[in-house]
Amino acid sequence: MTDYKAAGVDIDAGNEAVRRIRGLAKSTFTAGVLSDIGSFGGLFKLDRDRYPEPVLVSSADGVGTKLKVAFMTGRHDTVGADLVNHCVNDILVQGAEPLFFLDYLATGRLEPSVAEQVIGGVARACRENGCALIGGETAEMPGFYADGEYDIAGFIVGAVDRPKIVDGKSIVPGDVLIGLPSAGLHTNGYSLARRVFFDGAGWKPNTYVGELGKSAGDALLAPHRSYLNAMRGVIDRRWAKGIAHITGGGITENLPRVLPAGCAADIDTRAWDVPPIFKVLQQRGSISGPEMFRTFNMGIGLIVACSARDVDRVINTLAASGEPHARRIGFVVAGDHGVRYA
């Protein structure tokens, strides 16, 4: 006689994980949440006073092979926050505020304590961003993932009042590009970074790297920042003509996504100090400059395009919102969507 547990699926462990997660999720609930954890679907009431002409904005993403570093270090409390912040930034660039979030956690063998750590990070970032975690799925799939490994994905829905949509259509040559600093690699370029650090340099996650002033694992697990609080004032005043979240593909691939036809970008790489982790990666991996800029964010996590007349107001508003290191890093020029570096 056999049963589901003998086949690798532990229903009791699943129930224990849900018990632990329920309180974490409830701690994120906002006034719009109408359902409880455990329902077949999540219910959310949109505040029509806040959004007279509401437009819903959605996105989905994962953490990628940054998870491999979490597995190596045994630290699972940060990648969930990385996931939320990445998704929040992805809808922020169109002017949206987050409403609610759903997660998907899949593993070969469910460990309730690990699930609690991962979703704890999700819940923490949801609270920080005013976003309700209204549901999700935890899947135990024996034989599909290696022991001790998992994958996590997130799905976000936000809203923006239609007149406040940021879409880049009004960007013209002569506009200024303002860069906001990243906290590290965020959630992109980890396949290359792991190869350089662990395969090439032969470091372990706990290896202290003098050039970084911390261990290799700590440097790689630096959090993916949310730019929501810093950007609210700029978006509300409609100074942002376009916003680019610098994720996979770096500035080279992401900035052109918000540029209209007939526009390109000139970036002055001397305008900011590239953080040490990128210099170490380039030197240790013998990576070319162009490859660095189309793989990593190079220390710039978000780029705002605005009119030249609004530059000082944008930078001062960002500083007043806790973002004192935003700076002018380039200009929009006539061209065909490319990015030029100087």
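Refer to the preceding data block for the structure.
Colleague: Just to check I follow, could you spell out unusual backbone geometry for this structure?
Modeller: Among all residues save glycine, negative phi is the norm, and among peptide bonds the norm is trans. Here the phi dihedral of Met-298 falls at roughly 60°; this positive angle occurs in a residue that is not glycine. Here Met-298 shows up in the loop between helix H10 (289-293) and strand E10 (300-306). With a phi close to 70°, His-337 is a non-glycine residue in the positive phi region. Position of His-337 relative to the elements: it lies in the loop between strand E11 (327-334) and strand E12 (339-341).

Colleague: Even after reading the chapter, I still don't get the packing of aromatic side chains, so can you show me in this structure?
Modeller: For any pair of aromatic rings, the description rests on two quantities: the centre-to-centre distance and the angle between the ring planes. All chains considered together, the criterion is met by 6 aromatic pairs. Their ring planes at 45° and their centres at 5.3 Å tell us that Phe-44 and Phe-100 sit as a pair that is tilted. Of this pair, Phe-44 sits in the loop between helix H1 (11-26) and strand E1 (54-62) while Phe-100 sits in strand E2 (residues 97-107), and the two are 56 residues apart along the sequence.

Colleague: When you look at the sheet that holds strand E8 (residues 242-245) in this model, what are you seeing that I'm missing?
Modeller: Pairing between the strands of a sheet comes from backbone hydrogen bonds, and it takes one of two forms, parallel or antiparallel. Spatially, 6 strands are ordered E8-E10-E5-E11-E9-E12 in an open sheet, and the strand pairing comes out mixed. Two strands close off the open sheet at either side, each with one partner strand: E8 and E12. Each strand axis lies, on average, 25° off the axis of its neighbour in the sheet, ignoring direction. Relative to E12, strand E9 (residues 263-267) runs parallel, the two sharing 3 bridges. Paired with Asp-266 across the two strands is Arg-340, which belongs to E12. The sheet contacts of helix H11 (residues 311-320) involve strand E5 (176-181), E10 and E11, and relative to E5 the element is tilted by about 15°.

The rules we used
- Residues numbered from 1 in each chain as written.
- Predicted model: local features only at pLDDT ≥ 70, side-chain atom pairs only at ≥ 80, totals over all residues.
- Heavy atoms only, no water.
- Helix = DSSP H or I, 4+ residues; strand = E, 2+ residues; numbered from the N terminus.
- Phe/Tyr/Trp six-rings, centres within 6.5 Å; stacked < 30°, edge-to-face > 60°.
- Pairing = 2+ DSSP bridges.
- Axes fitted to C-alpha atoms, helices over the stretch in contact; angles between N-to-C directions.
- Contact = heavy atoms within 4.5 Å.

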